[in-house]
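# Coordinates in review
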Amino acid sequence: MASPADEPTPPEVVPEQVAGELSDLTPEELRNTIIYAQELLQFHDETASPVEPGPDEEILRATERDGYTEVVKRAACASGCEDCPHGPYLYHVKEESRPEGGTKVRWTFVGALSEAE
Ligand SMILES: [Zn+2]
């Protein structure tokens, strides 16, 4: 059994009621909830964030700001590193138009945050 101390803390942007209900779900219900959430995200396509975590990254928080997305993430480097994952780090993520057309996503490293933030 998982002890209460091992239970993950919900991000503060998740409404308390939702977090409380999520923590009571079975793994199967959770998996289906994720699928439903992804469908909802696609439905809200116009507000979709360009922020996708990489395989060794963990997005802690993504906040839409005026003209950019503020992202706090942890990242792992090489396997075997004792300090992994590193961070949390604060980035500003901007979608920029390219001269040749289309857009590209630019990540600007702002700085490291203390664990308390
Ligand atoms: Zn590392």
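Structure first, text after, so check above.
Residues numbered from 1 in each chain as written. Predicted model: local features only at pLDDT ≥ 70, side-chain atom pairs only at ≥ 80, totals over all residues. Heavy atoms only, no water.

Turning our eyes to something else, we now look at the overall build of the chain. Scanning the chain for helices and strands turns up 2 helices and 4 strands. In the chain, once contacts between residues fewer than 6 apart in sequence are set aside, the share between residues at least 24 apart is 20%. A total of about 9300 Å² of accessible surface is found on the chain, and carbon and sulfur atoms cover 52% of it. (Helix = DSSP H or I, 4+ residues; strand = E, 2+ residues; numbered from the N terminus. Contact = heavy atoms within 4.5 Å. Areas by Shrake-Rupley, 256 points an atom, 1.4 Å probe, with all protein chains shown as cover.)

Checked against the element boundaries, T103 lands in strand β4 (residues 103–112). Owing to a relative accessible area of 44%, T103 belongs among the partly exposed residues under this scheme. Excluding residues that lie within four positions of it along the chain, T103 makes contacts with E95, E96, S97 and R98. (Buried < 20%, exposed > 50% of the residue type's maximum accessible area, 1.4 Å probe, protein only.)

In this structure, K73 sits in strand β2 (residues 69–75). Among the polar contacts listed, one links the side chain of K73 to the side chain of E57, at a separation of 2.8 Å. With sequence-adjacent residues up to four places away left out, K73 is seen in contact with E57, E58, I59, L60, H86, G87, P88, Y89, Y91 and W107. (Polar contact = N/O pair within 3.5 Å; in protein donor to acceptor, adjacent residues only side chain to side chain.)

Next up on the list: unusual backbone geometry. For the peptide bond that leads from C84 to P85, omega is -5°, which places it in the cis range. Here P85 is to be found in the loop between β2 and β3 (86–97).

As a further point, take the packing of aromatic side chains. What the rule picks out here adds up to 3 aromatic pairs. Residues Y89 and F109 carry aromatic rings whose centres are separated by 5.5 Å and whose planes lie at 75° to one another, so their mutual orientation is edge-to-face. Taken together, the residues Y89 in strand β3 and F109 in strand β4 connect sequence positions 20 residues apart. Ring centres 5.4 Å apart and planes at 65° place the aromatic pair Y91 and F109 in the edge-to-face group. Of the two residues, Y91 sits in strand β3 while F109 sits in strand β4, which places them 18 residues apart along the sequence. A residue is classified by how much of its surface remains accessible, and F109, at 48% relative accessible area, is partly exposed. One aromatic cluster in this structure is built from Y89, Y91, W107 and F109. A cation over an aromatic ring shows up here: K73 above the ring of Y91, its NZ or CZ 5.0 Å from the ring centre. Across the ring face of W107, the terminal group of K73 is positioned such that the distance to the ring centre comes to 4.3 Å. (Phe/Tyr/Trp six-rings, centres within 6.5 Å; stacked < 30°, edge-to-face > 60°. Lys NZ or Arg CZ within 6 Å of the ring centre and 35° of its normal.)

What follows covers the sheet that holds β3. The strands making up a sheet associate through backbone hydrogen bonding, with each pair oriented either parallel or antiparallel. Spatially, 4 strands are ordered β1-β2-β3-β4 in an open sheet, and the strand pairing comes out antiparallel. For this open sheet the edge positions go to β1 (57–64) and β4, each flanked by a neighbour on one side alone. Taking each pair of neighbouring strands and ignoring which way they run, the sheet shows an average axis angle of 30°. Of the strand pairs in this sheet, β3 and β4 are connected by 9 bridges, and their pairing is antiparallel. Note that in β4 the partner of S97 across the bridge is T103. (Pairing = 2+ DSSP bridges. Axes fitted to C-alpha atoms, helices over the stretch in contact; angles between N-to-C directions.)

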